[in-house]
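# Analysis of the macromolecular model
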Amino acid sequence: MPVFLNAQDPEFETQFQQLLSAKREDSPDVDDIVAGIIADVRAHGDTAVLELTAKFDRMNITADRLRFSAHEIDAEIAKVSAVDRAALEMAADRIRAYHERQMPSDAYWTDEIGAELGWRWTPVSAAGLYVPGGLASYPSSVLMNAIPAKVAGVQRLAITVPTPDGICNPLVLLAAKLAGVDEVYRIGGAQAIAALAYGTQTIAPVDKITGPGNAFVAAAKRRVFGKVGIDMIAGPSEILVIADGDNDPDWIALDLLSQAEHDESAQSILITDDAEFGHQVAQAVDKHLQTLDRRDIAGPSWRDYGAVITVPDLDVAAQLSDRIAPEHLELCVADPVGYSQQITHAGAIFLGAWTPEAIGDYVGGPNHVLPTARSARFSSGLSVMDFVKRTTLARMTPDALRAIGPAAETLATSESLQAHGLSVTARLQKLNR
C-alpha cells in the first residue's frame with residue numbers, strides 16, 4: 001500500500017521529509033571486490049578479462065573473440081523482425097534529429113581593448129558505452145548513449161555488452177549499428193569498465209564511459225573517474241505525476257507503473273489537487289498489478305516507495321515537485337506548457353496527458369539517461385554536451401597587453417607569484433622602451 005499524504009495535515013512536513021530521505025536502494029559493499037578486479041585488469045589485461053568473463057558469464061573465449069566481428073553482427077541483426085527494425089530505426093532517427101540541435105557553437109570576437117577572445121568545442125576522441133547484457137538488455141539505451149556521442153563527433157565509440165552463456169540480444173547489435181558504433185565487445189561487469197578505462201592488449205582505452213549497470217559497474221565507474229570521464233552514477237528509476245481530476249485514472253496508474261516495473265527500488269509518486277482522484281488512481285494501480293507481467297517487481301516498488309500526495313492547489317504541487325527534483329515529471333494539467341514554467345528542477349518534463357513518460361524512453365527524441373535521487377537539482381540528462389569539451393581562446397595585441405597587463409602584475413604580486421608578474425612585466429618593459 002503506498003503512502004497517502006495531505007499537504008494540509010499538521011504532520012505533512014515531517015512525512016514529506018521522510019519520503020524524500022527514504023533509502024531506496026541496497027548498496028552492497030562491493031568496492032573491495034571491484035578494486036581487486038580493476039587491479040587485475042590493469043596488471044594482466046586480456047588474460048584477466050577472459051578469466052573474469054569465464055567466471056561470471058560462463059563463457060570461455062580467446063582474446064581474438066572478445067570483439068564481435070562484422071560478420072557476427074550482421075548474422076545477429078538478420079534475426080531482427082521487420083517490425084522491430086522499423087521501430088528501432090524510427091527511434092534512432094528521432095533521437096539523432098533532437099541531439100543534432102544541441103550542438104554548441106564556437107565563438108570568437110574582439111573586445112573593446114582589442115583583445116581577441118573566444119572558445120571552441122571539440123569532441124572527446126574515444127568513448128565507451130556499457131550496456132547491460134543478455135536478453136534483458138535494452139537497445140533503446142544503446143541509441144540514447146551512442147547517438148549523442150556520434151553527433152558530437154566522437155571518432156571511436158566502443159560498446160561492452162556481456163553475453164552470459166553466449167547469449168546476445170540482436171536488437172542491441174542493430175542499435176549499435178544504427179548509432180554508428182565502431183567496436184562491440186562481449187564482456188561486462190567491473191572488468192569491462194576497467195578495460196575501457198585502462199585498456200588491454202585487445203581493447204584500447206577511451207576518454208569517457210557512459211551507460212547503466214549493476215552495483216559492481218557503478219562502483220567501477222566511481223573508481224575510474226578521473227582517469228576517464230563518466231556520465232553519472234544513476235540510482236533507481238523514479239517518476240512524479242502532477243495531475244488534476246480531469247484525467248483518466250487508468251492512464252495515470254499505468255504511467256506510475258511504467259517506472260515501478262523497472263526495479264523494486266523504483267519510486268512512483270502522484271501529486272493531485274483532487275483527493276478522490278488520487279484514490280481512484282491507487283485503485284487502478286492495484287487492478288493492473290493483478291495482471292502485470294512484472295508485478296513481482298512493480299508491486300513491491302509501489303508498496304514500499306509509492307506515494308499519493310493531495311495538495312490544496314497546483315502551485316503547491318509545483319513547489320513540492322522542485323523539492324523532489326524527479327527524474328521524470330509528467331504534467332497532466334490543463335495548461336502543461338504554462339505550468340511547466342513553475343518547475344525548476346526535473347530531469348525531463350512530459351507535457352500533457354497525451355505524453356506518457358514511456359514515449360521519452362523510446363521515440364520522443366530527448367535522452368532517457370537522466371539524473372536520479374534528487375540530483376536534477378544540479379545536473380542534467382545525457383546529451384551531446386557530455387561528449388564535447390570547451391577550449392577557451394585568448395590573443396593579446398601589444399595595445400591590449402598595455403591596457404590590462406598592469407592589473408595582472410598587481411594581482412600576481414598580491415598572490416606572491418613573482419614569475420607570474422614578471423612574465424607580464426617583461427613584455428610591458430619592451431613595449432615601453
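Here, the structure is the one placed above.
So, here is what we can say about the structure in this document.

Thresholds applied
- Residues numbered from 1 in each chain as written.
- Predicted model: local features only at pLDDT ≥ 70, side-chain atom pairs only at ≥ 80, totals over all residues.
- Heavy atoms only, no water.
- Phe/Tyr/Trp six-rings, centres within 6.5 Å; stacked < 30°, edge-to-face > 60°.
- Helix = DSSP H or I, 4+ residues; strand = E, 2+ residues; numbered from the N terminus.
- Lys NZ or Arg CZ within 6 Å of the ring centre and 35° of its normal.
- Core = buried A, V, L, I, M, F, W, Y, C linked by side-chain atoms within 4.5 Å.
- Buried < 20%, exposed > 50% of the residue type's maximum accessible area, 1.4 Å probe, protein only.
- Contact = heavy atoms within 4.5 Å.
- Axes fitted to C-alpha atoms, helices over the stretch in contact; angles between N-to-C directions.
- Left-handed = near helix turned anticlockwise from the far one by under 90°.
- Nonpolar A, V, L, I, M, F, W, Y, C, P; charged D, E, K, R; others polar.
- Pairing = 2+ DSSP bridges.
- Salt bridge = Lys/Arg side-chain N within 4 Å of Asp/Glu carboxyl O.

For the structure shown, the criterion picks out 3 aromatic pairs. Between the aromatic rings of tryptophan 109 and tryptophan 119, the centroid separation amounts to 5.6 Å while the plane-to-plane angle is 80°, which identifies the pairing as edge-to-face. With a gap of 10 residues between them, tryptophan 109 in strand S2 (residues 107-110) and tryptophan 119 in strand S3 (residues 116-123) connect regions that are remote in the sequence. Between arginine 186 and the ring centre of phenylalanine 68, over which it is positioned, the NZ or CZ distance is 4.1 Å.

Attention now moves to the nonpolar core. Soluble globular proteins: nonpolar side chains tend toward being buried together. One finds Val142, Leu143, Ile159, Val181 and Val184 to be the most contacted residues of the largest nonpolar core, which totals 40 residues. When contributions to this core are tallied by element, the ones reaching two or more residues are helix H4 (70-77), helix H5 (82-100), strand S4 (126-130), helix H6 (139-152), strand S5 (156-160) and helix H7 (170-179). Per-element accounting of this core gives the leading share, 8 residues, to H6. Beyond its immediate stretch of four places on either side in the chain, valine 184 contacts Leu66, Arg67, Phe68, Ile73, Ile159, Val161, Leu173 and Ala176. Membership of the second largest hydrophobic core comes to 32 residues, among which are Ala190, Ala192, Ala197 and Ala219.

Where helix H16 (residues 398-414) contacts helix H17 (residues 418-432), the two axes come as close as 9 Å, and the packing angle between them is 145°. The two elements H16 and H17 meet at a crossing, and its hand is left-handed. Contact residues: Pro398, Leu401, Arg402, Gly405, Pro406, Ala408, Glu409 and Ala412 in H16; His420, Gly421, Val424, Thr425, Arg427, Leu428, Leu431 and Asn432 in H17. Classifying every residue of the contact of H16 with H17 by side-chain character gives 8 nonpolar, 5 polar and 3 charged.

Turning to unusual backbone geometry, a few remarks are in order. The backbone phi angle of alanine 325 is positive, close to 50°, even though this residue is not glycine. In this fold, alanine 325 is placed in the loop between helix H13 (314-324) and strand S12 (328-332). Alanine 325 gets classed as buried once you look at its relative accessible area, which sits at 0%. A positive phi angle, near 70°, is found at arginine 374, a position not held by glycine. Among the secondary structure elements, arginine 374 is positioned in the loop between helix H15 (357-362) and strand S14 (388-395). Taking relative accessible area as the criterion, arginine 374 reaches 27% and is therefore assigned partly exposed.

Let us now look at the packing of H5 against H6. One can describe the packing of H5 onto H6 by two numbers: an axis separation of 9 Å at closest approach and a directional angle of 35°. Seen from above, H5 lies across H6 with right-handed handedness. The segment H5 lies against H6, with Leu88, Ala91, Ala92, Ile95, Arg96, His99 and Glu100 engaging Pro139, Leu143, Met144, Ile147, Pro148 and Val151. Taken together, the residues that form the contact of H5 with H6 break down as 10 nonpolar, 1 polar and 2 charged.

With respect to topology, 3 strands assemble into an open sheet ordered S2-S3-S14, the strand pairing being antiparallel. Every other strand in the sheet has two partners, leaving S2 and S14 as the edge strands with one partner each. On average, each strand axis in the sheet is tilted by 15° relative to the strand beside it, whichever way the strands run. Relative to S14, S3 is paired through 8 bridges, and the arrangement is antiparallel. Note that in S14 the partner of leucine 117 across the bridge is alanine 394.

The side-chain alternation of strand S11 (residues 307-310) yields two buried faces, one formed by Ala307 and Ile309 and the other by Val308 and Thr310. Taken together, the 4 bridges between strand S1 (residues 3-6) and S11 define a ladder with parallel strand orientation. Paired with phenylalanine 4 across the strands is valine 308, a residue of S11. The pairing of strand S10 (residues 267-272) with S11 spans 4 bridges and is classified as parallel. Each residue of the ladder has a partner; that of isoleucine 269, found in S11, is alanine 307.

A sheet is described by the order of its strands in space; here 5 strands give the open sequence S6-S5-S4-S7-S8, paired in parallel fashion. Only two strands of the sheet have a single partner each, and these edge strands are strand S6 (183-185) and strand S8 (229-230). Against the sheet, helix H8 (residues 189-198) touches S4, S5 and strand S7 (208-210), its axis set at about 175° to S4.

For the coordinates displayed, the defined rule picks out 17 salt bridges. With a shortest N-O distance of 2.9 Å, aspartate 31 and arginine 223 are connected by a salt bridge. In this pair, aspartate 31 is assigned in helix H2 (residues 31-44) and arginine 223 in helix H9 (residues 215-224), connecting sequence segments 192 residues apart. Across the pair lysine 79 and glutamate 76 runs a salt bridge, and its minimum N-O distance is 3.1 Å. The exposure class assigned to glutamate 76 is buried, which follows from its relative accessible area of 16%. Bridged by salt links that share partners, the residues Arg65, Glu72 and Arg186 form one connected network.

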